[in-house]
Structures are given as structure tokens and as C-alpha cells.
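# Summary of structural features
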Amino acid sequence: MDEDFWKNKTLAEMTDAEWESLCDGCALCCLHKLEDEDTGEIFFTDIACRLLDTSTCRCKDYGARAKKVKSCLVLKPDAPEVFAWLPGTCAYRLLADGADLPAWHPLITGNPDSVHEAGISAMGKVTSETVTTEWTVLRKLGD
Ligand code: SF4
Ligand code: SF4
């Protein structure tokens with residue numbers, strides 16, 4: 001991968017490896033969401049998709065995710081409208097909006113755990129939908 005490729009390429013120009021490396025592994029997009037009927041605001045709950053390994057924040061079947069979970073957000077550079085469903089910390093959303101990667105991003109730190117150490121990710125905060133249906137709100141979409 002080119003050094004600092006995210007500064008020199010558009011999302012559409014990136015290789016598959018570069019594209020995938022933008023994901024910081026926060027798993028926030030793998031949480032169920034709630035919409036406030038009155039305000040239209042959307043919130044992430046602490047209930048995770050059945051395919052999320054909540055101990056690692058990784059998908060248990062990433063290759064078949066779209067087939068197995070219809071609501072899975074499969075991101076593509078030519079479908080930026082989907083980015084609106086991502087948290088404000090997500091690299092795809094940040095770069096699409098012309099912002100830079102945050103200091104805690106694994107591509108900046110060289111440490112895949114830096115997203116967890118910074119408290120950004122879902123690690124330690126969520127439960128699988130296979131275990132419970134009781135939820136609380138974690139954060140507002142976009143925060
Ligand atoms: S919200 Fe963005 S950075 Fe986090 S897991 Fe989803 S795609 Fe990756
Ligand atoms: S299928 Fe995998 S990538 Fe998609 S929401 Fe579920 S855990 Fe996340």
C-alpha cells in the first residue's frame with residue numbers, strides 16, 4: 001500500500017486492500033439502530049448483529065455477510081449514500097466528507113488495537129442479539 005494513500009487517492013481510486021484497511025474495526029456499524037419517530041434521529045444500541053464476535057469486534061463470516069445478514073451495510077465507493085448510516089468516527093464517512101483520519105486510527109498508530117484503547121469501538125460495551133433483546137442506547141448516529 002502507498003504511504004498515506006488515503007490523503008492522495010479518492011475512495012474510488014483505492015485498491016481493495018487499501019479500502020479494507022480503512023475500516024478501524026470499531027464494529028459500531030454492526031449494532032442495531034433505533035430511530036426516534038418524532039425527530040428522525042438515529043441511535044446505536046448496545047445489541048450487536050448475530051454474526052459479530054463481541055470479544056474481538058470482528059465479523060464471524062465477513063465473506064458471506066451480505067448473504068447471511070440482509071441488513072448488513074456493505075460499503076462501496078460508488079454508493080456513498082450508505083455512509084450516512086455510519087458513525088461520525090468511521091473512516092469511510094470522514095474521508096467522504098473531506099476530513100482526515102483521527103489520531104487513534106490503526107493506519108496512523110500502526111496498532112490494530114488503538115481503536116479499542118481509545119474507547120471508540122464497541123468492545124466491552126455490547127451484547128449479541130443471540131443472547132438478549134434488551135437494549136440501551138450507546139450513542140447518536142454521526143457522533
Ligand atoms: S463503522 Fe466504519 S470503521 Fe467501524 S467497523 Fe463499520 S465500517 Fe469499519
Ligand atoms: S454480518 Fe458481519 S459485518 Fe455485517 S453487520 Fe453482521 S457482524 Fe457486522
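Shown above is the structure to which this text applies.
Residues numbered from 1 in each chain as written. Chains lettered and ligands numbered in written order. Predicted model: local features only at pLDDT ≥ 70, side-chain atom pairs only at ≥ 80, totals over all residues.

The secondary structure content of the chain amounts to 6 helices and 6 strands. Tracing the chain from N to C terminus, the helices and strands come up as α-α-β-β-β-β-α-α-α-α-β-β. Since a compact globule built from 143 residues should have a radius of gyration of about 15 Å, the 15 Å found for the chain is in line with a globular shape. A buried classification covers 24% of the 143 residues belonging to the chain. Taking the contacts inside the chain whose residues are at least 6 apart along the sequence as the reference set, 57% of them involve residues at least 24 apart. (Helix = DSSP H or I, 4+ residues; strand = E, 2+ residues; numbered from the N terminus. Rg over C-alpha atoms; globule rule 2.2 N^0.38 Å. Buried ≥ 20, exposed ≤ 12 C-beta atoms within 10 Å, placed from the backbone. Contact = placed C-beta atoms within 7 Å.)

Attention now goes to the site of ligand 1. Every residue close to ligand 1 is listed here: Cys-23, Asp-24, Gly-25, Cys-26, Ala-27, Leu-28, Cys-29, Leu-86, Pro-87, Cys-90, Ala-91 and Tyr-92. Taken together, the residues that form the shell around ligand 1 break down as 10 nonpolar, 1 polar and 1 charged. (Near = placed C-beta within 6 Å. Nonpolar A, V, L, I, M, F, W, Y, C, P; charged D, E, K, R; others polar.)

Near ligand 2, the surroundings consist of Cys-30, Cys-49, Leu-51, Leu-52, Cys-59, Arg-65, Val-69 and Cys-72. Of the residues belonging to the shell around ligand 2, the class tally is 7 nonpolar, no polar and 1 charged.

Here we come to the environment of Glu-41. In this fold, Glu-41 is placed in the loop between strand S1 (31-35) and strand S2 (42-48). Accessibility expressed as a C-beta count within 10 Å gives 12 for Glu-41, which makes it exposed. Sequence separation between Glu-41 and Glu-129 is 88 residues, and the spatial gap between their C-alpha atoms is 22 Å. If near-sequence neighbours (up to four positions away) are discounted, Glu-41 is found in contact with Asp-36 and Lys-140.

Bridge count between S1 and S2: 4 bridges; the pairing is antiparallel. Of the residues in S2, the one forming a bridge with Glu-35 is Ile-42. The antiparallel pairing of S1 with S2 creates a hairpin that spans 6 residues between the two strands, and Gly-40 there sits at a positive phi of about 80 degrees. (Pairing = 2+ DSSP bridges.)

Positionally, Leu-86 belongs in the loop between helix H3 (65-68) and helix H4 (91-96). By the C-beta count within 10 Å, which is 20 here, Leu-86 ends up buried. Between the C-alpha atoms of Leu-86 and Ile-108, which are 22 residues apart in sequence, the distance is 20 Å.

Positioned with a positive phi, Ala-27 is a non-glycine residue whose angle comes to about 70 degrees. Secondary-structure assignment places Ala-27 in the loop between helix H2 (16-21) and S1. The phi torsion at Cys-57 lies on the positive side, around 65 degrees, for a residue other than glycine. Residue placement: Cys-57 occurs in the loop between strand S3 (52-53) and strand S4 (58-59).

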